[in-house]
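So you can see what is in the structure, the chains are spelled out below.
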Amino acid sequence: MGRVDAMCGRVGRLAALGATLAGTAAVAAVPVAVDVGHYLEKPGATSAYGVTEFEYNQTLAAVIAARLERDGVPVRLIGYKGEMADLYARAPQAEAAGGQFFLSVHHDSVRAEYQQTWIVDGKEQRYSEYARGFSLFVSRKNPRLAESLACASAIGAALREAGLTPTPHHAEAAGIGRPWADQTNGVYYYDNLVVLKSSTVPAVLLEAGVIVHPDEALALATPARRALTAEAVAKGLAACGVTAGRRSAKIPGNPLGDVGLRPAPPAQPTAPVAHETDPALLLLRRPQPGPAGHPVAPDVADPGRQHRLDGPVGDELGHAGCPG
Ligand SMILES: [Zn+2]
């Protein structure tokens, strides 16, 4: 784990420097933990083209981290190397590193009964046009629910302002639908998500989009879409008071009234932020046009990383929507 810590350590700059760079008042940004959903052995959902959710999560998490770091927000990536098999270890690791806000990054799927099969590059894959769009989750078992919800709503609002639409499909299934926390901004309650309920700091899980959807899978793999999502996260965390410059933001219902009350820890030596040109991030195999005009996914080098979509839906897996 030490080696992993060295690779994935604090990537932020000095908070004071960050505030200067952001052109805001000299208010320290709180460190943010950005959690890469799933891990190599159980990589979550699979896209319509056979790309694992973990690969999508890893790339987007790094782009979000780089975007926050640009504003001087110290970031700790959790599970970046795909090593975090223990869901219950994620929040403690984030908090031990000084994380004062926990964002878990995921990509979504739909239930198996809404999926069909097709052949992509000679292999059978599963796809669905049942749902597309982003969603956000908070847990009522998190001790700082009001702040969590305020930030989830703010991120959702920023995603909508950027032209994206939340998906309602998590609320639809009869008897097992998730209750809305903020329908307008695509926020659901999902109380037993491990990474949310085990966090003692405000925590939000983001499903950036539905990778089993043929069109959205392609869009989500583009640098433009990742940048748009990262920008919305940065705007949302500023609006809800987590990051520098908005310390006075009031959170309705929160007796503290202020997410950014806690000071940032002392500055530490920093490591270069991971970004998209990092070779470790080039795992995402972007689909290429196939002979019939359909996009196809290149072969996945390690078949053991392919994930079947017939696993349990999972609180235990720390997953909001997609099977497995
Ligand atoms: Zn997931």
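A look at the overall build of the protein chain
1) Next: On a plain count of helices and strands, the protein chain comes out with nine helices and eleven strands.
2) Next: Among the 324 residues that make up the protein chain, the fraction classed as buried is 53%.
3) Next: Considering only contacts in the protein chain between residues 6 or more positions apart, those separated by 24 or more positions represent 74%.

Looking at the sheet that holds strand S3 (residues 101-108)
1) Next: Taken in spatial order, the seven strands of this open sheet run S2-S1-S3-S9-S6-S8-S7, and their pairing is mixed. In this open sheet, the two edge strands, each paired with only one partner strand, are strand S2 (75-78) and strand S7 (180-182). Within this sheet the neighbouring strands show an average axis-to-axis angle of 30°, counted without direction.
2) Next: Looking at chain direction, S7 and strand S8 (residues 187-189) are connected through two bridges and run antiparallel. Paired with Trp180 across the bridge in S8 is Tyr188.
3) Next: Lying over the sheet, helix H3 (residues 53-70) contacts strand S1 (32-36), S2, S3 and strand S9 (203-210), oriented at roughly 140° with respect to S3.

Description of the nonpolar core
1) Next: Within the largest apolar cluster, 79 residues are counted, with the highest numbers of intra-cluster contacts made by Val32, Val34, Ala61, Ile64, Leu103, Ile155 and Val204.
2) Next: Of all the elements, helix H5 (residues 145-161) adds the most residues to this core, at ten residues.
3) Next: In this view, Ile155 contacts Leu136, Val204, Leu206, Ala232, Val233 and Gly236; residues no more than four positions away in its chain are not counted.

Observations regarding the confidence of the model for the protein chain
1) Next: On average, residues of the protein chain carry a pLDDT of 76, and 66% of them reach 70 or more.
2) Next: Throughout residues 1-26 the model reports pLDDT below 50, and contacts reaching past four residues in sequence, or to other chains, amount to 63 contacts.
3) Next: Here residues 246-324 is modelled with pLDDT under 50, and outside its nearest four sequence neighbours on either side it reaches 179 contacts, counting other chains as well.

Considerations on the packing of H5 against helix H9 (residues 223-239)
1) Next: It is at 8 Å that the axes of H5 and H9 come closest, and there the two elements cross at 135°. Here H9 runs oblique to H5, going by the angle between their axes. Where H5 crosses over H9, the handedness of that crossing is right-handed. Only Ala232, Val233, Lys235, Gly236, Leu237 and Ala239 of H9 make contact with H5, whose side of the interface consists of Cys151, Ala154, Ile155, Ala158 and Leu159.

Details of the pairing of S2
Side chains on a regular strand alternate between the two faces of the sheet.
1) Next: Burial along S2 is two-sided: the face carrying Val75 and Leu77 and the face carrying Arg76 and Ile78 are both buried.
2) Next: As defined by bridge partners, S1 adjoins S2 across four bridges and the pair is classed as parallel. What sits directly across from Asp35, in S2, is Ile78.
3) Next: Handedness of the crossover joining S1 and S2 through H3 is recorded here as right-handed.

Observations concerning the pairing of strand S6 (residues 135-138)
1) Next: Residues Ser135 and Phe137 line one face of S6 and the alternating positions Leu136 and Val138 line the opposite face, and both faces are buried.
2) Next: By the bridge criterion, three bridges tie S6 to S9 in an arrangement that is antiparallel. Looking at the pairing, Leu136 lines up with Leu206 of S9.
3) Next: Examined bridge by bridge, S6 and S8 share three bridges and lie parallel to one another.

Some remarks on the environment of Leu193
1) Next: Here Leu193 lies in the loop between S8 and helix H7 (194-197).
2) Next: Assessed through the 27 C-beta atoms surrounding it within 10 Å, Leu193 is described here as buried.
3) Next: A sequence separation of 106 residues divides Leu193 from Leu87, and the C-alpha atoms of the two residues are 9.6 Å apart.

Notes on the environment of Ala162
1) Next: One can find Ala162 in the loop between H5 and helix H6 (169-172).
2) Next: Along the primary structure Ala162 and Leu228 are separated by 66 residues, whereas in three dimensions their C-alpha atoms are 7.1 Å apart.
3) Next: Apart from the residues within four sequence positions on either side, Ala162 is in contact with Leu228, Glu231 and Ala232.

Procedures and definitions
Residues numbered from 1 in each chain as written. Predicted model: local features only at pLDDT ≥ 70, side-chain atom pairs only at ≥ 80, totals over all residues. Helix = DSSP H or I, 4+ residues; strand = E, 2+ residues; numbered from the N terminus. Buried ≥ 20, exposed ≤ 12 C-beta atoms within 10 Å, placed from the backbone. Contact = placed C-beta atoms within 7 Å. Pairing = 2+ DSSP bridges. Axes fitted to C-alpha atoms, helices over the stretch in contact; angles between N-to-C directions. Core = buried A, V, L, I, M, F, W, Y, C linked by C-beta atoms within 7 Å. pLDDT = per-residue confidence, 0-100. Parallel < 35°, antiparallel > 145°, perpendicular 65-115°, else oblique. Left-handed = near helix turned anticlockwise from the far one by under 90°. Right-handed = clockwise from strand over helix to strand, strands pointing away.

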